[in-house]
Amino acid sequence: MKPLTAEERKQAFSTAKKEGVILRQRLPVRYHVEDFAVRERPRRFLEAFAAILKHANYRLALDHYIRVSAKCARCSTSCQIYLATGDSRDIPCYRSELLLSVYRRHFTVSGVLRGRILGDPGLTDEKIQEMAEAFYNCTACRRCSFECPAGIDHGLVTHLGRYILSEIGITPRALAVSVREQLTGTSGNTSAVPVAALLDGLEFLSGEMREEKGVEIPFPIDQEGAEYLFLPAVSDFLMEADTLMGNAAVFRATGDSWTVGTGYFDGINYGLFYSDHVLEHVIAKIAAEARRLKVRKLLIGECGHASRTAKVFYPAFSGDGRESLPVVNILEYTHQAWKRGRLKLRPGAIEEPVTYHDPCNLARTGWIVDQPRELLRAICRNYVEMTPGGRNNICCGGGGGTVSIDEIQPYRMLVGGRAKAEQIRATGAKYCVAPCANCKKQLRELMDHHGIDCQIVGLHDLLYKAIVFD
Amino acid sequence: METWIEFGRGPLFRLAFSLMVLGLLRVFVLTLAGLAESYRRNRDRIVPWGEVARQTAAWLLPAGRFWRRRPVYGALSLVFHVGLLIVPLFFATHVLLWKRSVGFAWPAIPLALANWLTLLVIAAGLGLFGGRVFHAGARKLSRPQDYVWPLLLVIPFGTGYLCVNTALRPATYQAMMFLHVYSADAIMLMIPFTKLAHCVLAPLSQAVTAVAWKFPPGAGDRVAATLGYPGRPSWIEGARLRDADRGGVNDEVCAK
């Protein structure tokens with residue numbers, strides 16, 4: 001991958017923020033932040049850190065990471081951000097050390113003693129500014145965690161850093177506004193989609209499918225006792241008609257009962273990106289809707305972070321522990337249905353070359369890697385693999401919520417997504433399947449910016465073309 | 001000099017070795033205790049232990065993916081660690097010393113093998129030092145101890161090799177043996193307090209990370225309450241900004 005040229009570097013790090021705002025907020029970052037209290041920031045950062053250490057589970061990881069780190073820089077060899085910028089501040093271990101050094105200096109006995117003896121003042125406002133910049137340059141894709149010989153998960157440290165910053169008021173405005181709408185707004189979802197618009201849209205899609213396929217394919221609404229409660233990224237209802245039609249068509253073929261809940265229909269959970277507090281409250285909304293409709297399983301649509309958040313955190317935050325509802329991603333569901341012969345697909349339905357992009361939140365743990373590939377091989381004449389892929393895939397460059405921050409788009413196009421764009425270009429594919437709402441947005445912008453003729457679609461978009469009804 | 005060397009091989013060695021073992025045991029047990037406590041705090045108690053075990057094994061045995069990046073550095077590290085662990089424990093003279101000290105012993109490796117491993121450790125150690133000095137990323141990250149350790153670890157191997165394989169004048173031999181014994185003792189004393197504790201802690205990393213990603217329910221609310229903002233989570237617009245009792249609303253604070 002070619003590193004940035006001087007011109008590209010200037011463009012990538014340009015900011016639309018007004019100088020006055022940066023001075024007033026004392027925060028030289030490129031993303032917009034809503035006004036917050038600036039005075040005595042180091043003290044409040046440490047207080048937030050202390051409160052989080054007291055109530056959450058981070059002490060274990062932090063104590064461990066500060067002891068085992070080898071400082072070998074192996075993590076830098078697989079970080080697509082570092083490989084693009086060549087700036088040693090983008091080395092994952094360096095970024096994590098920003099927070100770990102604060103932990104060591106202020107929250108460990110040896111660190112406090114050493115600090116007192118050496119006269120180290122500890123956390124400064126400049127360091128907080130550096131952290132605010134650094135933790136949102138990282139997409140938390142966790143690719144580096146495979147390289148670290150000490151097993152440190154830098155994505156976890158980035159998550160914690162962002163959580164502490166959010167507790168002192170430093171959160172990208174784009175994320176904060178969406179979360180506010182989701183948790184306290186009238187629409188109750190991150191895209192402010194009113195229920196009426198949702199219902200209209202779904203009815204329209206059923207009409208389309210009736211015309212195209214000659215089959216009645218409804219979107220069940222508020223069906224009590226259904227097996228699956230369907231929670232895609234709410235933006236799918238606005239922007240991914242083909243994916244939704246594919247989803248509904250699959251259920252029409254299998255005959256399983258599913259439903260959309262008008263009480264809550266947004267799988268998106270930005271808490272994974274920046275706040276455990278948000279994470280829990282969004283899960284609570286899912287749990288409330290699941291209880292209201294007495295469903296038996298949660299079905300998350302084509303969205304990486306929504307799937308991972310629900311799968312990993314629903315058991316704890318729904319309050320039901322091991323008895324909590326199983327969480328299934330639609331790719332898993334469809335793959336299983338096809339494997340068991342409940343879903344018929346026309347082989348060779350897609351003629352153009354197709355490639356597959358693994359969303360980090362689905363592939364990094366090996367959860368969903370082979371399933372979509374098997375489906376694609378079944379319906380595509382010309383399937384092209386991207387390497388590296390699978391568990392070791394390259395991040396789209398918009399992960400960790402950065403895709404929603406429009407003002408850092410130059411950075412995402414020139415730095416974050418650079419490696420991925422070159423990867424897609426090299427396949428020569430006409431379709432790139434990316435079963436994640438955020439990846440789709442980022443990859444589409446990348447294709448535009450880099451002039452690559454490749455259409456980014458969801459898996460169910462293509463399945464819709466290939467599905468055969470008895 | 002003779003007495004100093006005997007002291008270094010005798011009481012000081014026993015002290016250093018004990019402190020090393022106890023120190024490592026301490027951090028290992030503390031980490032296990034931390035794991036248990038964190039596991040207890042999780043409501044769901046769901047941790048993929050099988051996957052954790054599988055990944056721990058994969059991390060410890062550097063096969064496959066480990067060679068994709070910085071393969072030379074990785075190879076040097078492997079060679080270094082292998083020699084580092086085998087020679088001190090299985091070199092014939094050390095085994096005899098153990099037998100004299102604790103009463104039992106174990107099979108020793110042939111001298112030729114010990115010599116080769118020692119030379120490899122020295123070469124690899126210097127190679128690792130070079131790999132740190134001449135790599136921009138590693139330089140940015142390294143603390144003083146990261147530079148010191150590869151060099152420090154080479155000293156007992158270098159002096160040991162000289163004592164065994166070269167004809168030295170008695171005074172030089174004594175000096176080398178003194179360095180050998182005291183550097184080894186110093187290393188053992190420092191192991192539990194520095195990154196060398198990774199020898200017992202690194203295998204726990206996968207378990208630690210797996211448990212750390214399990215967030216305890218209710219923590220977010222409790223954090224907000226502790227910080228003095230009960231019922232005013234961070235996503236409520238401006239709520240914490242207008243917090244007058246925190247010495248907030250004046251020209252030092254961002255005004256809308």
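Conventions we followed
Residues numbered from 1 in each chain as written. Chains lettered and ligands numbered in written order. Predicted model: local features only at pLDDT ≥ 70, side-chain atom pairs only at ≥ 80, totals over all residues. Heavy atoms only, no water. Helix = DSSP H or I, 4+ residues; strand = E, 2+ residues; numbered from the N terminus. Rg over C-alpha atoms; globule rule 2.2 N^0.38 Å. Buried < 20%, exposed > 50% of the residue type's maximum accessible area, 1.4 Å probe, protein only. Contact = heavy atoms within 4.5 Å. Areas by Shrake-Rupley, 256 points an atom, 1.4 Å probe, with all protein chains shown as cover. Lys, Arg positive; Asp, Glu negative; His and termini not counted. Charge placed at Lys NZ, Arg CZ, Asp CG, Glu CD. Expected span 1.5 Å × (residues − 1). Bend = angle between axes of the 7 residues up to and from the residue. Pairing = 2+ DSSP bridges. Phe/Tyr/Trp six-rings, centres within 6.5 Å; stacked < 30°, edge-to-face > 60°. Lys NZ or Arg CZ within 6 Å of the ring centre and 35° of its normal. Axes fitted to C-alpha atoms, helices over the stretch in contact; angles between N-to-C directions. 1 Å grid on protein atoms, 1.4 Å probe; cavity = no way out; pocket = protein on both sides within 12 Å on 5 of 7 lines; lining within 4 Å. Points joined across faces, edges and corners; volume = space filled by probe spheres on them. Nonpolar A, V, L, I, M, F, W, Y, C, P; charged D, E, K, R; others polar. Buried area = accessible area lost by both parts, 1.4 Å probe. Salt bridge = Lys/Arg side-chain N within 4 Å of Asp/Glu carboxyl O. Polar contact = N/O pair within 3.5 Å; in protein donor to acceptor, adjacent residues only side chain to side chain. Parallel < 35°, antiparallel > 145°, perpendicular 65-115°, else oblique. Core = buried A, V, L, I, M, F, W, Y, C linked by side-chain atoms within 4.5 Å. Right-handed = clockwise from strand over helix to strand, strands pointing away. Patch = residues over 30% accessible without salt bridge, like charges linked within 9 Å, V, L, I, M, F, W, Y side chains within 5 Å.

**Some thoughts on the overall build of chain B**
Okay, step 1: Across its full length, chain B carries 12 helices and zero strands.
Okay, step 2: Moving toward the C terminus, one meets the helices and strands of chain B in the order α-α-α-α-α-α-α-α-α-α-α-α.
Okay, step 3: Radius of gyration (C-alpha) of chain B: 26 Å, far over the 18 Å computed for a compact globule of 256 residues.
Okay, step 4: Dimensions of chain B along its principal axes, counting C-alpha atoms only, are 80 × 45 × 40 Å.
Okay, step 5: Taking all 256 residues of chain B together, 43% fall into the buried category.
Okay, step 6: A fraction of 66% describes how many contacts in chain B between residues 6 or more apart in sequence connect residues 24 or more apart.
Okay, step 7: Total accessible area computed for chain B in this model is approximately 13400 Å², and 72% of it derives from carbon and sulfur atoms.
Okay, step 8: Between the averaged position of the 27 positive side-chain charges in chain B and that of its 13 negative side-chain charges there is a distance of 10 Å.

**Focus on helix H8 (residues 144-165) of chain B**
Residues and elements named next belong to chain B.
Okay, step 1: A rise of 1.5 Å per residue sets the reference length of H8, with its 22 residues, at 32 Å; its end C-alpha atoms lie 32 Å apart and thus fit the reference within 8%.
Okay, step 2: The principal kink in H8, of about 25°, is found at Ile155, preceding the proline Pro156 by one to four residues.
Okay, step 3: Considered for burial, the residues of H8 that qualify are Asp146, Trp149, Pro150, Leu152, Leu153, Val154, Pro156, Phe157, Gly158, Thr159, Gly160 and Cys163.

**Notes on the sheet that holds strand S9 (residues 455-457) of chain A**
Residue and element names in this part refer to chain A.
Okay, step 1: Pairing is parallel across the open sheet formed by four strands, whose spatial order is S7-S6-S8-S9. Edge positions in the sheet fall to strand S7 (383-384) and S9, since each of these pairs with one other strand and no more.
Okay, step 2: Relative to S9, strand S8 (residues 431-433) is paired through three bridges, and the arrangement is parallel. In the sheet register, Val433 faces S9, and the bridge partner there is Val457.

**A word on the packing of aromatic side chains**
Okay, step 1: Counted under the stated rule, the structure contains 27 aromatic pairs over all chains.
Okay, step 2: On the numbers, 5.9 Å between centres and 20° between planes, the contact of Phe13 of chain B with Phe17 of chain B is stacked. Taken together, the residues span about one helical turn, with Phe13 of chain B and Phe17 of chain B both in helix H2 (residues 11-41) at a distance of four residues.
Okay, step 3: Through a chain of ring-to-ring contacts, the aromatic side chains of Phe219, Tyr228, Phe230, Phe251, Trp258 and Tyr333 of chain A assemble into a single cluster.
Okay, step 4: Lying over the aromatic face of Tyr464 of chain A, Lys213 of chain A brings its terminal NZ or CZ to 4.5 Å of the ring centre.
Okay, step 5: The residue whose ring lies beneath Arg70 of chain B is Tyr73 of chain B, and the NZ or CZ to ring-centre distance is 4.2 Å.

**Notes on the sheet that holds strand S1 (residues 228-231) of chain A**
Residues and elements named next belong to chain A.
Okay, step 1: The parallel open sheet is built from four strands, whose spatial order is S2-S1-S3-S4. Bordering the open sheet on either side are strand S2 (258-259) and strand S4 (327-329), each of which pairs with just one other strand.
Okay, step 2: As paired strands, S1 and S2 are joined by two bridges and run parallel to one another. Across the sheet, residue Leu229 finds its bridge partner in S2, namely Thr259.
Okay, step 3: Its contacts with the sheet put helix H15 (residues 276-293) on S1, S2 and strand S3 (297-300), and the angle it makes with S1 is roughly 145°.
Okay, step 4: In the packing of helix H17 (residues 330-339) onto the sheet, contacts are made with S1, S3 and S4, and the angle to S4 comes to roughly 75°.

**A look at the layout of surface pockets**
Okay, step 1: Volume-wise, the second largest pocket comes out at about 1300 Å³.
Okay, step 2: Where the lining of the second largest pocket is concerned, the elements lending two or more residues are helix H3 (41-55), helix H4 (58-68), helix H6 (92-107) and helix H7 (109-118) of chain A together with H2 of chain B.
Okay, step 3: Counting residues per element, the lining of the second largest pocket draws most heavily on H2 of chain B, at nine residues.
Okay, step 4: Of the residues contributing to the lining of the second largest pocket, the split by class is 15 nonpolar, 15 polar and 15 charged.

**A look at the interface of chain B and chain A**
When the parts of a complex come together, some accessible area is lost, and that lost area is often taken as the interface size.
Okay, step 1: In this complex, chain B contributes 73 residues to the contact, which on the side of chain A involves 78 residues.
Okay, step 2: Regarding the contact of chain B and chain A, the summed buried area is about 6500 Å², with carbon and sulfur atoms giving 57% of it.
Okay, step 3: Area buried by chain B at its contact with chain A is led by Trp213, Phe215 and Trp235 of chain B, which between them contribute 15% of it.
Okay, step 4: For the interface between chain B and chain A, the tally reads three salt bridges.
Okay, step 5: Here chain B and chain A share 23 residue pairs in polar contact (both at pLDDT 80 or more) between them.
Okay, step 6: For the side of chain B that touches chain A, the secondary structure elements donating two or more residues are H2, helix H3 (49-60), helix H4 (71-90), helix H7 (136-141), helix H10 (198-201), helix H11 (205-212) and helix H12 (219-226) of chain B.
Okay, step 7: In terms of residue class, the side of chain B that touches chain A is built from 30 nonpolar, 20 polar and 23 charged.

**Overview of the packing of helix H20 (residues 409-416) of chain A against helix H22 (residues 437-450) of chain A**
All names here are of chain A.
Okay, step 1: Interhelical geometry of H20 versus H22 gives an angle of 75° and a closest axis separation of 10 Å. Looking at the two axes, H20 sits roughly perpendicular to H22. Across the interface between the two elements, Gln409, Arg412, Met413 and Leu414 of H20 pack against Lys441, Gln442, Glu445, Leu446, His449 and His450 of H22.
Okay, step 2: In terms of residue class, the contact of H20 with H22 is made up of three nonpolar, four polar and three charged.

**What to know about the nonpolar core**
Nonpolar side chains tend to gather and get buried jointly when the protein is soluble and globular.
Residues and elements named next belong to chain A.
Okay, step 1: Of all hydrophobic cores here, the largest spans 191 residues; its most connected members are Phe45, Phe49 and Tyr58.
Okay, step 2: Discounting residues that sit within four places of it in the chain, Phe45 has contacts with Leu99, Val102, Leu123, Ile128, Met131, Ile164, Leu165 and Ile168.
Okay, step 3: Listed in part, the 15 residues of the second largest apolar core include Met386, Cys396, Ala421 and Cys439.

**Considering the pairing of S1 of chain A**
All names here are of chain A.
Okay, step 1: Here S1 shows two buried faces, one formed by Tyr228 and Phe230 and the other by Leu229 and Leu231.
Okay, step 2: Sheet topology note: the S1/S3 ladder contains four bridges and is parallel. Looking across to S3, one finds that Leu229 is bridged to Leu298.

**Some words on the pairing of S3 of chain A**
All names here are of chain A.
Okay, step 1: Relative to S4, S3 runs parallel, the two sharing three bridges. Its bridge partner being in S4, Leu299 is matched across the sheet by Val328.
Okay, step 2: Read as a crossover between parallel neighbours, the route from S3 over helix H16 (residues 304-317) to S4 is right-handed.

**As for the pattern of salt bridges**
Residues and elements named next belong to chain A.
Okay, step 1: Within this structure, the stated rule accounts for 39 salt bridges over all chains.
Okay, step 2: A salt bridge links Glu385 to Arg377; its shortest N-O distance comes to 3.5 Å.
Okay, step 3: Ionic contacts of the salt-bridge type, sharing partners, join the residues Asp358, Arg373, Arg377 and Glu385 into one network.

**Overview of the packing of H3 of chain A against H6 of chain A**
All names here are of chain A.
Okay, step 1: H6 packs onto H3 with a crossing angle of 85° between their chain directions and a minimal axis gap of 12 Å. Here H3 is positioned roughly perpendicular relative to H6, judged by the angle of their axes. Between H3 and H6, the contacting residues are Phe45, Leu46, Phe49, Ala50 and Leu53 on the first element and Leu99, Val102, Tyr103, His106 and Phe107 on the second.

**Section: the environment of His450 of chain A**
Residues and elements named next belong to chain A.
Okay, step 1: If you trace the backbone, His450 turns up in helix H22.
Okay, step 2: For His450 and Arg425, which are 25 residues apart along the polypeptide, the C-alpha to C-alpha distance reads 9.1 Å.
Okay, step 3: Leaving out residues up to four positions away in the same chain, His450 has contacts with Met413, Ala421 and Arg425.

**Comments concerning a nonpolar patch on the surface**
All names here are of chain A.
Okay, step 1: On the surface, a cluster of nonpolar side chains totalling about 490 Å² of accessible area is made up of Val109, Leu113, Ile117 and Leu118.
Okay, step 2: Here Ile117 shows up in helix H7.
Okay, step 3: Classification of Ile117 as exposed rests on a relative accessible area of 71%.

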